[in-house]
There are 2 protein chains.
Amino acid sequence: MSSSGVEQVPLLKDVEKDRYDGVIVKMKEPMDPEAFRASLRASISQWRLEGKKGVWIKLPIGLSNLVHPAVEEGFWYHHAEPAAKPDAEPDAKLDAEPDAKTAYLMLVYWIPNTPSTLPANASHRVGVGGFVMNSKREVLVVKETSGKLKGMWKLPTGVVDEGEDVLTAARREVLEETGIETETDSVEVLAFRQSHKSFFTKSDLLFVCLLVPTSFEIKKQIAEIEAAQWMPIDAYADQASVKKNQQFSAIAEICIKRSKQQITGFTPKAATTGSGKKTYIYCPK
Amino acid sequence: MSSSGVEQVPLLKDVEKDRYDGVIVKMKEPMDPEAFRASLRASISQWRLEGKKGVWIKLPIGLSNLVHPAVEEGFWYHHAEPAAKPDAEPDAKLDAEPDAKTAYLMLVYWIPNTPSTLPANASHRVGVGGFVMNSKREVLVVKETSGKLKGMWKLPTGVVDEGEDVLTAARREVLEETGIETETDSVEVLAFRQSHKSFFTKSDLLFVCLLVPTSFEIKKQIAEIEAAQWMPIDAYADQASVKKNQQFSAIAEICIKRSKQQITGFTPKAATTGSGKKTYIYCPK
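Owing to the predicted nature of the structure, the values given are computational and were not obtained by experimental measurement.

1. Points about unusual backbone geometry
Residue and element names in this part refer to chain A.
Part 1: Unlike most non-glycine residues, aspartate 14 shows phi in positive territory, near 55°.
Part 2: For aspartate 14, the location among the structural elements is in the segment before β1 (15-17).
Part 3: For aspartate 14, a relative accessible area of 38% corresponds to the partly exposed category.

Next up, the structure:
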């Protein structure tokens with residue numbers, strides 16, 4: 001009790017300002033849930049007086065006992081991740097593995113009596129398909145061991161890892177699935193397809209990339225691939241499974257047009273952002 | 001107690017199978033945290049015997065008191081959303097607003113002694129920029145009221161809502177920011193840019209779309225836009241803020257090339273997926 005007889009509730013620590021008149025609380029140390037609730041309530045009163053808008057609480061998975069009191073104080077889920085990568089060194093592979101030190105839940109609260117302008121969560125998963133053709137107009141195709149496309153010869157495809165460039169992902173997936181190496185400097189995006197509700201509620205973007213092979217001996221490398229081969233491009237497009245599916249046949253048609261040099265796609269240009277990050281812009285030559 | 005003297009713990013209800021030898025628990029009714037913990041433990045033992053792999057628990061925000069016991073039993077955060085949309089009717093706008101009935105946290109657990117093959121969370125936010133040019137080779141530009149780009153004349157840009165097509169988003173953002181209506185059938189993607197760590201740990205894809213205006217009177221409509229105008233395309237590209245930024249100058253160059261018809265972009269083709277969903281494939285004509 002303070003001298004005024006009013007109990008002093010300590011405010012939350014580890015509070016940073018964001019760029020939009022909001023605050024970010026990065027909880028690090030364990031805290032008793034009831035003490036947390038009282039501090040959170042006192043802190044929100046203080047932030048309201050200061051005219052703050054959005055309040056973000058980043059809770060490591062080790063502090064999951066604080067989720068419930070935060071929700072009871074009016075907080076909402078914004079997003080959660082199995083592992084947060086260190087800002088300095090993007091390594092997308094880390095994301096797939098849960099990590100007790102960095103997995104977290106992000107909670108949000110909007111203080112003003114105005115509509116929330118909090119940004120939405122990531123909305124898309126991004127995939128790549130590799131169109132690799134040799135000098136005999138044969139295309140590199142694979143058969144998957146399971147799933148809806150089992151039995152069909154298809155382009156190697158996969159998911160872009162977090163932090164990975166589209167062109168890097170396309171080359172990596174082709175290498176992983178077939179052992180075929182491809183040129184770095186000749187990647188061309190021939191088409192992309194957007195579809196919705198393909199993964200939980202999320203949307204999906206698939207980029208079909210032309211890749212130029214530098215090796216030709218197929219070495220199937222991963223369990224999800226049953227077989228891989230070089231196949232005449234017309235035989236690939238003539239498969240019943242390709243012909244009956246509008247998406248597959250449209251993409252096969254694009255690949256055939258490109259193989260006859262009737263069309264060209266987008267090539268990547270490296271650029272630097274205003275804040276000094278490397279980026280790629282994919283556009284017509 | 002049962003007759004054997006062993007306490008019978010009820011298994012979890014509302015369990016569905018997924019397509020990958022896993023199970024999905026959709027918790028709907030409130031449950032005592034300790035009873036939940038015991039049922040979860042008993043259920044996992046049962047699933048282990050059955051050879052199940054991934055276990056998903058979808059917890060509505062109203063059951064946030066069950067997060068901590070699930071984590072203590074070894075579950076991990078996979079993703080969380082402020083609102084889950086009904087599967088039948090995509091309405092992206094809902095996502096921005098928290099919804100007590102549908103906000104949820106998805107937790108996962110991997111039973112086998114093998115590396116997890118659980119799919120990664122959505123990794124990208126997707127944005128659009130509208131390149132709208134009138135017959136006088138003037139481009140539609142806006143000034144933002146705040147942020148890093150304040151003071152610069154720039155293309156109207158915005159975030160693609162969950163479930164929204166790229167071409168729809170580009171037309172919507174131009175309309176919202178400037179009041180200018182554009183043709184549905186003439187959208188062309190001129191370039192896209194991928195950048196990383198632009199939003200929490202997530203990546204960002206921006207699609208620059210050529211749009212053909214059908215109205216010409218500017219009516220600035222939203223608070224985040226300070227001003228909008230038609231501007232000679234060369235004056236737009238000659239701004240110091242454009243010239244000193246590699247990304248902005250590359251995109252301005254693409255727009256100028258397109259205005260001189262030296263390049264063409266990708267046009268959308270409507271297609272139907274194998275499961276009957278509508279989709280767009282963006283590719284060279």
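2. Regarding the state of the cysteines
Part 1: Under the defined criterion, the tally for this structure stands at 0 disulfides over all chains.
Part 2: For cysteine 209 of chain A, which is in no disulfide, the shortest distance to another cysteine sulfur is to cysteine 255 of chain A and amounts to 10 Å.
Part 3: We note that cysteine 283 of chain A lacks a disulfide partner, and the nearest cysteine sulfur, in cysteine 255 of chain B, lies 10 Å from it.

3. Digging into the interface of chain B and chain A
Part 1: Counting from both sides, the interface comprises 85 residues of chain B and, opposite them, 85 residues of chain A.
Part 2: Here chain B packs against chain A, burying approximately 7600 Å² in sum over the two surfaces, 62% of which is carbon and sulfur.
Part 3: The largest per-residue losses of area from chain B upon contact with chain A belong to Trp76, Tyr77 and Phe192 of chain B, which jointly make up 10% of the total buried on that side.
Part 4: For the interface between chain B and chain A, the tally reads 0 salt bridges.
Part 5: Between the two partners, chain B and chain A, sit 25 residue pairs in polar contact (both at pLDDT 80 or more).
Part 6: By residue number, the principal contributor to the side of chain B that touches chain A is strand β9 (residues 188-199) of chain B, which donates 11 residues.
Part 7: Grouping the constituent residues of the side of chain B that touches chain A by class yields 43 nonpolar, 24 polar and 18 charged.

4. Side note on the nonpolar core
Part 1: Formed by 50 residues in total, the largest nonpolar core has its most connected members in Tyr77 of chain A together with Tyr77 of chain B.
Part 2: Core analysis: the next-biggest nonpolar cluster, separate from the first, contains 44 residues, Val189 of chain A together with Val166, Ala169 and Tyr282 of chain B among them.

5. Description of the environment of valine 139 of chain B
Residues and elements named next belong to chain B.
Part 1: For valine 139, the position within the fold is in strand β7 (residues 138-144).
Part 2: In sequence terms valine 139 and isoleucine 233 are 94 residues apart; their C-alpha atoms lie 5.5 Å from each other.
Part 3: Beyond its immediate chain neighbours, meaning those up to four positions away, valine 139 contacts Phe131, Val132, Met133, Leu155, Gln229, Trp230, Met231, Ile233 and Tyr236.

6. Considerations on the packing of aromatic side chains
Two aromatic rings are characterised by how far apart their centres lie and by the angle between their planes.
Part 1: Here the structure, examined in full by the defined rule, presents 17 aromatic pairs over all chains.
Part 2: Aromatic pair phenylalanine 192 of chain A and phenylalanine 266 of chain B: ring centres 6.4 Å apart, planes at 35°, arrangement tilted. One end of the pair, phenylalanine 192 of chain A, is in strand β9 (residues 188-199); the other, phenylalanine 266 of chain B, is in the loop between α6 (246-259) and β12 (267-272), on a second chain.
Part 3: Phenylalanine 192 of chain A sits in the buried class, given a relative accessible area of 1%.

7. Brief notes about helix α3 (residues 166-178) of chain A
Part 1: An ideal rise of 1.5 Å per residue puts 18 Å on 13 residues; α3 of chain A measures up with 18 Å between its terminal C-alpha atoms.
Part 2: The first or second residue beyond α3 of chain A is glycine 179 of chain A, which carries a positive phi of 80°.

8. Here's the deal with the relation of the copies chain B and chain A
Part 1: Under the fitted operation, chain B is carried onto chain A by 0.0 Å of movement along the axis and a turn of 180°, and the coordinates agree to an RMSD of 0.1 Å. The operation mapping one copy onto its partner corresponds to a two-fold rotation axis.
Part 2: By residue overlap, the copies meet face to face through one surface: 100% of the interface positions of chain B are interface positions in chain A.

9. Some remarks on the pairing of β7 of chain B
All names here are of chain B.
Part 1: For β7, the tally of buried residues reaches 6 of 7 residues, placing the bulk of the element in the interior.
Part 2: Of the pairings in the sheet, the one linking β7 to strand β11 (residues 225-232) comprises 7 bridges and is antiparallel in character. Following the sheet pairing, glutamate 144 is matched in β11 by isoleucine 225.

10. Quick look at the sheet that holds strand β1 (residues 15-17) of chain B
All names here are of chain B.
Part 1: If you walk across this open sheet you meet the 5 strands as β1-β2-β3-β5-β4, and the pairing is mixed. Looking at which strands have only one partner, the edges of the open sheet turn out to be β1 and β4 (76-81). Within the sheet, the average angular offset between the axes of one strand and its neighbour, ignoring direction, is 20°.
Part 2: Two strands pair when backbone bridges link them, and strand β2 (residues 23-26) and strand β3 (residues 54-60) are joined in this way by 4 bridges, in the parallel orientation. Paired with valine 23 across the strands is valine 55, a residue of β3.
Part 3: Contacting β1, β2, β3 and β5 (104-110), helix α1 (residues 33-49) crosses the sheet at an angle of about 155° to β3.

11. Here we look at the sheet that holds β1 of chain A
Residue and element names in this part refer to chain A.
Part 1: Strand order in this open sheet of 5 strands is β1-β2-β3-β5-β4, and the pairing throughout is mixed. The open sheet has two edge strands with one neighbour each: β1 and β4 (76-81). Neighbour to neighbour, the strand axes of the sheet diverge by 20° on average, direction disregarded.
Part 2: Where β1 lies against strand β2 (residues 23-26), 3 bridges are found, and the strand directions are antiparallel. Bridge pairing in β2 places valine 15 opposite valine 25.
Part 3: Strand contacts of helix α1 (residues 33-49): β1, β2, β3 (54-60) and β5 (104-110), with the helix running at about 155° to β3, the strand carrying the most contacts.

12. Focus on the domain arrangement of chain A
Part 1: Examined at the domain level, chain A breaks down into domain 1 (15-110) and domain 2 (124-284).
Part 2: For domain 1 of chain A and domain 2 of chain A, the distance between their C-alpha centres works out to 38 Å.

13. Regarding the confidence of the model for chain A
All names here are of chain A.
Part 1: Per-residue confidence for chain A gives a mean pLDDT of 88, with 90% of residues at or over 70.
Part 2: Scored below 50 in pLDDT, residues 85-96 makes 21 contacts in the model with residues more than four places away or belonging to other chains.
Part 3: Listed scores for the predicted complex are pTM 0.82 and ipTM 0.82.

14. Here's the deal with the pattern of salt bridges
All names here are of chain B.
Part 1: The final tally for this structure, using the stated rule, is 32 salt bridges over all chains.
Part 2: The residue lysine 26 makes a salt bridge to glutamate 16 at a minimum N-O spacing of 3.7 Å. Of the two residues, lysine 26 is situated in strand β2 and glutamate 16 in strand β1; the sequence distance between them amounts to 10 residues.
Part 3: In this structure lysine 26 comes out as partly exposed when scored by relative accessible area, which is 29%.
Part 4: Glutamate 16 gets classed as partly exposed once you look at its relative accessible area, which sits at 37%.
Part 5: Put simply, arginine 125 and aspartate 204 hold a salt bridge, and the shortest N to O gap is 4.0 Å. Remark: aspartate 204 occurs in strand β10 (residues 202-211) and arginine 125 occurs in strand β6 (residues 124-132); sequence separation between them is 79 residues.
Part 6: Among the residues examined, arginine 125 registers a relative accessible area of 16% and is labelled buried.

Quick notes on the rules
Residues numbered from 1 in each chain as written. Chains lettered and ligands numbered in written order. Predicted model: local features only at pLDDT ≥ 70, side-chain atom pairs only at ≥ 80, totals over all residues. Heavy atoms only, no water. Helix = DSSP H or I, 4+ residues; strand = E, 2+ residues; numbered from the N terminus. Buried < 20%, exposed > 50% of the residue type's maximum accessible area, 1.4 Å probe, protein only. Disulfide = S-S within 2.5 Å. Contact = heavy atoms within 4.5 Å. Buried area = accessible area lost by both parts, 1.4 Å probe. Salt bridge = Lys/Arg side-chain N within 4 Å of Asp/Glu carboxyl O. Polar contact = N/O pair within 3.5 Å; in protein donor to acceptor, adjacent residues only side chain to side chain. Nonpolar A, V, L, I, M, F, W, Y, C, P; charged D, E, K, R; others polar. Core = buried A, V, L, I, M, F, W, Y, C linked by side-chain atoms within 4.5 Å. Phe/Tyr/Trp six-rings, centres within 6.5 Å; stacked < 30°, edge-to-face > 60°. Expected span 1.5 Å × (residues − 1). Least-squares fit on C-alpha atoms with pLDDT ≥ 70 in both. Pairing = 2+ DSSP bridges. Axes fitted to C-alpha atoms, helices over the stretch in contact; angles between N-to-C directions. Domains from an automatic or database assignment. pLDDT = per-residue confidence, 0-100.

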